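Here is what each chain is made of, one letter per residue.
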Amino acid sequence: MGIVLSVGLCFTMRGWEQKELRKHAADLAHEQAEKLQVSIMRSMEVLYSIAALHAGQGNINRQKFHEFVQQALARQPELQALSWNPVVSAAQREQFEASAASDGLTEFQFLEKDSAGRFQRDRQRDEYVPVYFIEPLNNNLAALGFDLGSDAERLSSLDRARDTAEPVATAPVHLAQGPDNQAGLLVLLPVYSSGVPATVAARRETLLGFAVAVFRVNNLVQPEFNELREKGIEACLFDDSATGELIYGDHSVSAGDKVPLEVAGRRWVMEFSPTPQFIAAQDALGGLLARDPATLPEAFTHFETALRYQPNSAETHRGYADALARAERLADAIAEYGTALRLDPQDA
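Residues numbered from 1 in each chain as written. Predicted model: local features only at pLDDT ≥ 70, side-chain atom pairs only at ≥ 80, totals over all residues. Heavy atoms only, no water.

Let us look at the overall build of the protein. Scanning the protein for helices and strands turns up 10 helices and 14 strands. A burial count over the protein gives 45% of its 348 residues as buried. Sequence-distant contacts, at least 24 apart, represent 64% of the contacts inside the protein between residues at least 6 apart. Total accessible area on the protein is roughly 18000 Å²; 52% of this is exposed by carbon and sulfur atoms. (Helix = DSSP H or I, 4+ residues; strand = E, 2+ residues; numbered from the N terminus. Buried < 20%, exposed > 50% of the residue type's maximum accessible area, 1.4 Å probe, protein only. Contact = heavy atoms within 4.5 Å. Areas by Shrake-Rupley, 256 points an atom, 1.4 Å probe, with all protein chains shown as cover.)

So this is what it looks like as structure tokens:
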């Protein structure tokens, strides 16, 4: 009977501990997911400022755009670039290319990528959405002139942003800039000639272009995921789409629990799993046994003693109450020790 009760108590406490461990891991993952969302939302604010600048001053020039975005780029290192991408008709193409050349960009032209991912002069289209201004320029020269409308994935996001009048994030894409074609994403904010039209038809008619924030996935996600890893949680990030493309991390984590995120109209999923180190650090029961191996057997003994008593007399009732009280005090100590283990050192 005593062995059964001891084992039962042990399993009960283990169950409680595992539940608390999972909850603590989930709390940490949700906290980092919220930080990531806040970081992206903060970075998107400058897009509204670019739209307001365009509305207030009409057509802005390259120098004005350069000056306007410098503070935002300095404050928000997660941004790879900010760009202005006008909507250009086929009839306007030559004028836009000549204007860029007059700004000193003598080799500027509208570009697309061939099937091998190499840049080439953009073919004839009814409409273009080229990267016309981009900052910082030196780090993003390769993207200058690239027509977002020449890529099917980007074009789908452009159309959705235009019709909804809301910022839209693309699926993970290979950025045009950079020798390594790193994975990134764009957030696209449509800009219209006069405020935000009420109907989709009017939005299509009055669209001027897009203010665009460019993120490298590593720069955007790594700080939050490194912080999670330091706390003993491994995580990865997936695009919540039919393909379920991995955005960041390792596929081996995908058996863990999930935290949904929404980024500019696009859904992501963070999957996370506690590391063995996290589990060991949170193991209150194991920690208590390591500190004082006699403690739990003593608790079991008191519980067994309490259950053996038949409180049918004043004396046995007192014995029952005394044994149960000692067991409860030890159980409280175990719970308190487990809580202490879960405290962040900074909170202690």
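Another point: the sheet that holds strand β13 (residues 257–263). If you walk across this open sheet you meet the four strands as β12-β11-β14-β13, and the pairing is antiparallel. Edge strands, defined here as strands with exactly one partner in the open sheet, are β12 (246–248) and β13. Strand after strand, the sheet turns through a mean of 35° between neighbouring axes, direction not considered. Taken together, the two bridges between strand β11 (residues 233–239) and β12 define a ladder with antiparallel strand orientation. Paired with Phe238 across the two strands is Leu246, which belongs to β12. Its contacts with the sheet place helix α6 (residues 217–230) against β11, β12 and β14 (266–274), and it is angled at close to 150° to β11. (Pairing = 2+ DSSP bridges. Axes fitted to C-alpha atoms, helices over the stretch in contact; angles between N-to-C directions.)

This part takes up the pattern of salt bridges. Inspection of the entire model under this criterion finds 21 salt bridges. A salt bridge links Glu97 to Arg93; the nearest nitrogen and oxygen atoms lie 3.3 Å apart. Here the residue Glu97 and the residue Arg93 both occupy positions in helix α3 (residues 93–102), the gap between them amounting to four residues, near one helical turn. Each member of the pair Glu97 and Arg93 is classed as buried. The partner of Arg154 in a salt bridge is Asp151, with the nearest N and O atoms 3.4 Å apart. (Salt bridge = Lys/Arg side-chain N within 4 Å of Asp/Glu carboxyl O.)

Quick look at the pairing of β11 now. Where burial is concerned, most of β11 is hidden: six out of the seven residues are buried. The pairing of β11 with β14 spans seven bridges and is antiparallel. If you follow Phe238 over to β14, its bridge partner there is Val269.

This part takes up the nonpolar core. One finds Leu82, Val187, Phe210, Leu237, Trp268 and Met270 to be the most contacted residues of the largest nonpolar core, which totals 77 residues. Sort the elements by how many residues they give to this core and helix α1 (residues 2–57) lands first, with 12 residues. For Val187, the residues in contact, after removing those within four places along its chain, are Met44, Leu47, Pro167, Val168, Ala169, Ala211, Val212, Ala213, Phe215 and Ala264. (Core = buried A, V, L, I, M, F, W, Y, C linked by side-chain atoms within 4.5 Å.)

The buried fraction of strand β1 (residues 79–86) amounts to eight of the eight residues, a majority that puts the element mostly inside the structure. In this structure, β1 lies alongside strand β10 (residues 207–216), joined through seven bridges in antiparallel fashion. Looking at the pairing, Leu82 lines up with Ala213 of β10. Note: β1 against strand β6 (residues 133–135), three bridges, orientation antiparallel. Paired with Trp84 across the strands is Phe133, a residue of β6.

What follows concerns helix α2 (residues 62–75). Residues three or four positions apart in an α-helix share a direction because the helix packs 3.6 residues into each turn. Over its 14 residues, α2 runs 21 Å from end to end, which matches the ideal 20 Å to within 8%, given 1.5 Å per residue. The principal kink in α2, of about 35°, is found at Val69. One side-chain oxygen at the N-terminal end of α2 lies 3.2 Å from the backbone nitrogen of Gln63; it belongs to Asn61. (Expected span 1.5 Å × (residues − 1). Bend = angle between axes of the 7 residues up to and from the residue. Polar contact = N/O pair within 3.5 Å; in protein donor to acceptor, adjacent residues only side chain to side chain.)

The next point concerns unusual backbone geometry. The omega angle of the peptide bond from Glu135 to Pro136 is -5°, so this bond is cis rather than trans. In this model, Ala165 sits at a positive phi of 60°, which is unusual for a non-glycine residue. Inspection of the secondary structure puts Ala165 in the loop between α4 (152–164) and β7 (168–169). The buried category is assigned to Ala165, whose relative accessible area is 18%. A positive phi angle, close to 50°, is found at Ala264, a residue other than glycine. Structurally, Ala264 is set in the loop between β13 and β14.

All right, on to the side chain of Ser83 then. Mapped onto the elements, Ser83 comes out in strand β1. We classify Ser83 as buried; its relative accessible area is 2%. Within the local environment of Ser83, its side chain forms a polar contact with the side chain of Asn85, the two groups lying 2.7 Å apart.

Turning next to the environment of Gln124. Mapped onto the secondary structure, Gln124 falls in the loop between β4 (119–121) and β5 (127–128). Taking relative accessible area as the criterion, Gln124 reaches 64% and is therefore assigned exposed. Each C-alpha atom of the pair Gln124 and Arg93 lies 9.6 Å from the other, and the pair is 31 residues apart in sequence.

Turning our eyes to something else, we now look at the confidence of the model for the protein. Caution applies to low-pLDDT regions: their predicted coordinates should not be interpreted in detail. Residues at a pLDDT of 70 or more form 70% of the protein, whose mean pLDDT is 79. In the predicted structure, residues 2–9 sits below a pLDDT of 50 and forms seven contacts with residues beyond four places in sequence or in another chain. Note that pLDDT drops below 50 for residues 339–348; the model gives that stretch 10 contacts with residues more than four away or on any other chain. (pLDDT = per-residue confidence, 0-100.)

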